[in-house]
Amino acid sequence: DAGVIQSPRHEVTEMGQEVTLRCKPISGHDYLFWYRQTMMRGLELLIYFNNNVPIDDSGMPEDRFSAKMPNASFSTLKIQPSEPRDSAVYFCASSFSRTNNEKLFFGSGTQLSVL
Amino acid sequence: GNSVTQMEGPVTLSEEAFLTINCTYTATGYPSLFWYVQYPGEGLQLLLKATKADDKGSNKGFEATYRKETTSFHLEKGSVQVSDSAVYFCALRTYSGGGADGLTFGKGTHLIIQP
């Protein structure tokens, strides 16, 4: 398996533009997570899905952020409109877990810069 | 809620020195505990884990013991190498009946090993 695949690897955009980040989880995994990493706040859980259904989106910072998982092999995180403070590395991760002791597999991240 | 506190970095050591990175946690329920490592430009990857009290997780010479009485999971290595230079994250995961929750991470400790 190729692991968790994220695209794009880098994204540079201007304030006010729409940004869409994409993720393909590992086949067979039923959990998918979106994290944001910044120097100031570390790793923050934004939202996670189980069997394509959003379970907890309490970490989504505001209404400008939305996430979807239309099927088991694809998820998107959208920011509209984007702002400079959204600049961060966004990670997608997946796991197969019926308990809490299974590890997460992380993608390589999308480095987002909003100018 | 869940939270993880780990020592601030950067931690700078000479090669072959002894390493300890402290980690303490608060959690609702009985968490599983993890250490993840992030090398430059990459996503996180699991280093080791422990799922119950007094369990010791180990991998690549690193060890951590799940101490329920002190709510700690300190990471140790007897002799560090330059290749161990990375950011280390302590994390926990709980199970809330309906399924596993997302990982809660500490802010990370940047480890720098000098030859």
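Scroll up to find the structure this text is about.
What this report covers is the structure whose coordinates are included nearby. (Residues numbered from 1 in each chain as written. Chains lettered and ligands numbered in written order. Predicted model: local features only at pLDDT ≥ 70, side-chain atom pairs only at ≥ 80, totals over all residues. Heavy atoms only, no water.)

Glancing now at the pairing of strand S10 (residues 86–93) of chain B. Residue and element names in this part refer to chain B. Judged by how many residues are buried, S10 sits mostly within the fold: seven of eight residues are covered. Strand direction decides the pairing type here: strand S5 (residues 32–38) and S10, joined by seven bridges, are antiparallel. Each residue of the ladder has a partner; that of Ser 32, found in S10, is Arg 93. Taken together, the three bridges between S10 and strand S12 (residues 109–114) define a ladder with antiparallel strand orientation. Residue pairing for S12: Tyr 88 is matched across the bridge by Thr 109. (Buried < 20%, exposed > 50% of the residue type's maximum accessible area, 1.4 Å probe, protein only. Helix = DSSP H or I, 4+ residues; strand = E, 2+ residues; numbered from the N terminus. Pairing = 2+ DSSP bridges.)

What follows deals with the state of the cysteines. Cysteine pairs can be linked by a disulfide, which is a covalent bond between their two sulfur atoms. For the structure shown, the criterion picks out two disulfides over all chains. Between the sulfur of A:Cys23 and that of A:Cys92 lies a disulfide, 1.9 Å long from S to S. Judged by the sign of its S-S torsion, about -65°, the bond between A:Cys23 and A:Cys92 is left-handed. Here A:Cys92 lies in strand S9 (residues 88–95) and A:Cys23 lies in strand S3 (residues 19–24), a separation of 69 residues in the sequence. Across the disulfide from B:Cys23 sits B:Cys90; the S-S distance is 1.9 Å. The sign of the -70° torsion about the S-S bond sets the B:Cys23-B:Cys90 disulfide as left-handed. Taken together, the positions of B:Cys23 in strand S4 (residues 23–26) and B:Cys90 in strand S10 put the pair 67 residues apart, joining distant regions of the chain. As far as the burial class goes, B:Cys23 and B:Cys90 line up, both buried. (Disulfide = S-S within 2.5 Å.)

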